[in-house]
Amino acid sequence: MLETTYVITEQDRKEFREKGYWISPKLLDDDQIARLRKAHDRVWAGDYDGDGYPMHPQSVRPAYEELKLRKLDNGWWVNDEVRQAVTDPVMGRWAADLLETDEIRLWHDQMIYKPGVGDRETAAGNVGWHQDYGYWQATDTTEMITVWIALQDTDLTNGGMMSIAGSHRWGLIPESNSFFDQDMDSLKRKFSALGHDWTEEPCLLKAGQASFHHALTFHGSGPNRTNEPRLSVVAHLMPGGTGYRPRVQHHDNVRLLGPRPYAGQPFDNAYFPLVYSRRNS
Ligand SMILES: O=C(O)CCC(=O)C(=O)O
């Protein structure tokens, strides 16, 4: 964790409320970035910390197609560096201040490896325009936040994310769980036809900086035109007290509540660590 004393300002909050995302100062120092890049190498090679298994071992095990996007949920289960990064209390405080809440827990994390495709014609590294809450309807609040942390300088040349300014105010859009649909143009046609203003803004990040986006903000990313992978660690965060919303949409996290989850059951056990609490600070 970087010993940053940065405190979210009223201007930051205003920007987050208006645009649906906010770009942070550097959250990780260079040593931590190097360790997290190493964590990527280790995890993709099946080299884990602890005695457990990843949540979705099939995300790690396949013989990798060179040009395919790799994504592992809950990397913190099997890597200590990732655990430290995605439970960082400074990040949690910034999220709490942006969401104007007192407590932040981890919903889940993601390690994302976007291959460098150079000038090859492929969409295999694309992330389709989507809303994160399009996947998270088993929770009872849309006031969740994603922290996308860059492990190298990231812009559109290496497949950086783009966000649609103000789209978090559109509400939940049907079929917006379209992360894996790599045809960005057809998704853009479909979602922009809803009549809202479609303004794409690139998330330009120095290594160690993060983009904090609201769970309803549309975002996606195109090809990484370099020959190096684009690496990131992502923390999906929720306010303390977020509970289970039954029978709307399945999410694998619901199993982590036990065999008979009930409506409103808080996601507050060891799978959903407390990242920040104003009471403890
Ligand atoms: O890595 C990307 O380009 C997109 C990631 C994403 O959709 C997210 O972190 O919510």
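Residues numbered from 1 in each chain as written. Predicted model: local features only at pLDDT ≥ 70, side-chain atom pairs only at ≥ 80, totals over all residues. Heavy atoms only, no water.

Draft legend 1. Looking closely at helix α4 (residues 89-99). Counting buried positions over the 11 residues of α4 gives 10, a clear majority of the element. Buried within α4 we find V90, M91, G92, R93, W94, A95, A96, D97, L98 and L99. Structurally, the start of α4 carries an N-cap: the backbone nitrogen of V90 is 2.8 Å from a side-chain oxygen of D88. In the segment just after α4, E100 is the residue with positive phi, at about 55°. (Buried < 20%, exposed > 50% of the residue type's maximum accessible area, 1.4 Å probe, protein only. Helix = DSSP H or I, 4+ residues; strand = E, 2+ residues; numbered from the N terminus. Polar contact = N/O pair within 3.5 Å; in protein donor to acceptor, adjacent residues only side chain to side chain.)

Draft legend 2. Summary view of the site of the ligand. Lining the immediate environment of the ligand, one finds 15 residues, of which H130, W148, H219, S221 and R230 sit closest. In this structure, an oxygen atom belonging to the ligand sits 2.9 Å away from a side-chain N or O atom of H219. Contact with the protein chains hides 99% of the accessible area of the ligand, taken as 290 Å² for the molecule alone. Among the elements of the structure, β3 (103-114), β4 (127-130), β5 (145-150), β9 (219-221) and β10 (230-239) are those that each provide at least two residues to the shell around the ligand. For the shell around the ligand, the leading source of residues is β10, giving three residues. Its residues placed into classes, the shell around the ligand shows six nonpolar, seven polar and two charged. (Near = heavy atom within 4 Å. Areas by Shrake-Rupley, 256 points an atom, 1.4 Å probe, with all protein chains shown as cover. Nonpolar A, V, L, I, M, F, W, Y, C, P; charged D, E, K, R; others polar.)

Draft legend 3. Region of interest: the packing of aromatic side chains. For the structure shown, the criterion picks out 17 aromatic pairs. A centroid spacing of 4.9 Å and a plane angle of 85° characterise the contact between W107 and F267, whose relative ring orientation is edge-to-face. With W107 in strand β3 and F267 in the loop between β10 and β11 (274-277), this residue pair connects regions lying 160 residues apart in the sequence. A ring pair is formed by W129 and W198, whose centres lie 5.2 Å apart and whose planes are at 80°; its orientation type is edge-to-face. (Phe/Tyr/Trp six-rings, centres within 6.5 Å; stacked < 30°, edge-to-face > 60°.)

Draft legend 4. Quick look at the sheet that holds strand β6 (residues 161-164). Spatial strand order, β4-β9-β6-β7: four strands in an open sheet with antiparallel pairing. Strands with a single pairing partner mark the edges of an open sheet, and in this sheet they are β4 and β7 (200-202). Taking the axes of each pair of neighbouring strands and ignoring which way they run, one obtains an average angle of 25° across the sheet. Here β4 pairs with β9 via two bridges, running antiparallel. In the sheet register, V127 faces β9, and the bridge partner there is S221. (Pairing = 2+ DSSP bridges. Axes fitted to C-alpha atoms, helices over the stretch in contact; angles between N-to-C directions.)

Function cannot be read off these values alone, since they describe shape.
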